[in-house]
Amino acid sequence: PVQLIVAISLLFNYIGVSSLIGLLVALLSIPVQTKVIMKIAMLKKLNFGVTDRRVKLTNEILQGIRAVKFYAWEKAFGKVVDDIREEELKNYRKTIIAKSLFLMILQSIPAFIS
């Protein structure tokens, strides 16, 4: 905290009011970053549940593979697994977009401050 105060006061002495505007931009970016990080965490938690469902279903299919083969249920179970996988991939895409947004914000803050 002491170093931060010293650095801000030195910036204020050298640059003037512009340093306070830069500090304000940095402080205002914190809530935005927090919201994006919370969204990423929520999407990851959601995706864990979907992945768990898919893995459990796949294990059940493999456990009863004889019955699946005997009654020719491969396509039906394959479609169910594919649907769950599509949902999983949709959530991964959303997570990647949110991570990209966070990195964009993180990388652009120094440009906005200066």
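Please read these numbers as outputs of a predicted model, since none were measured by experiment. (Residues numbered from 1 in each chain as written. Predicted model: local features only at pLDDT ≥ 70, side-chain atom pairs only at ≥ 80, totals over all residues. Heavy atoms only, no water.)

Q: How would you explain the confidence of the model for the protein chain if you had to name every residue and give the values?
A: Regions with low pLDDT should not have their predicted coordinates read in detail. Confidence in the prediction of the protein chain, expressed as mean pLDDT, is 92, and 100% of residues score 70 or more. Mean pLDDT values for the elements of the protein chain range from 89 in helix α1 (residues 2-15) up to 94 in helix α4 (residues 74-113). (pLDDT = per-residue confidence, 0-100. Helix = DSSP H or I, 4+ residues; strand = E, 2+ residues; numbered from the N terminus.)

Q: Any chance you could break down helix α2 (residues 17-63) for me, citing the residues and the numbers?
A: Structural remark: α-helix, 3.6 residues per turn; residues separated by three or four positions point the same way. Under the 1.5 Å per step criterion, the end-to-end length of α2 is 69 Å for 47 residues, consistent within 8% with the ideal 69 Å. Among the residues making up α2, those that are buried are S19, G22, S29, Q33, V36, I40, L43, N47, V50, T51, L57 and I61. Buried residues belonging to α2 abut α1, α3 (65-70) and α4. (Expected span 1.5 Å × (residues − 1). Buried < 20%, exposed > 50% of the residue type's maximum accessible area, 1.4 Å probe, protein only. Contact = heavy atoms within 4.5 Å.)

Q: Go over the pattern of salt bridges, please, and point to the residues and values.
A: In the structure shown here, the tally under the stated rule is 6 salt bridges. With a closest N to O distance of 3.1 Å, R53 and E87 form a salt bridge. With a gap of 34 residues between them, R53 in helix α2 and E87 in helix α4 connect regions that are remote in the sequence. A relative accessible area of 43% means that R53 is categorised as partly exposed. The salt bridge partner of R54 is E88, with a shortest N-O separation of 2.5 Å. Linking R54 in helix α2 with E88 in helix α4, this pair joins segments that are 34 residues apart in sequence. A single network of salt bridges, built from pairs that share partners, joins R54, R85 and E88. (Salt bridge = Lys/Arg side-chain N within 4 Å of Asp/Glu carboxyl O.)

Q: Talk me through the packing of aromatic side chains; I want residue IDs and the actual numbers.
A: Under the definition given, this model contains 3 aromatic pairs. Both rings, one in F70 and one in Y71, keep their centres 5.0 Å apart while their planes meet at 85°; by these two values the pair is edge-to-face. Aromatic side chains Y71 and W73 sit 4.9 Å apart centroid to centroid with 20° between the ring planes, which places their arrangement in the stacked category. Taken together through their ring pairs, the aromatic side chains of F70, Y71, W73 and F77 make up a single cluster. (Phe/Tyr/Trp six-rings, centres within 6.5 Å; stacked < 30°, edge-to-face > 60°.)

Q: Please provide a residue-by-residue account of the packing of α2 against α4, values included.
A: Interaxial distance between α2 and α4 falls to 9 Å at its minimum, and their mutual angle equals 165°. As summarised for this structure, α2 and α4 are arranged roughly antiparallel, according to the angle between their axes. Read as a crossing pair, α2 and α4 show a hand that is left-handed. Of the residues that constitute the contact of α2 with α4, the class distribution is 24 nonpolar, 8 polar and 8 charged. (Axes fitted to C-alpha atoms, helices over the stretch in contact; angles between N-to-C directions. Parallel < 35°, antiparallel > 145°, perpendicular 65-115°, else oblique. Left-handed = near helix turned anticlockwise from the far one by under 90°. Nonpolar A, V, L, I, M, F, W, Y, C, P; charged D, E, K, R; others polar.)

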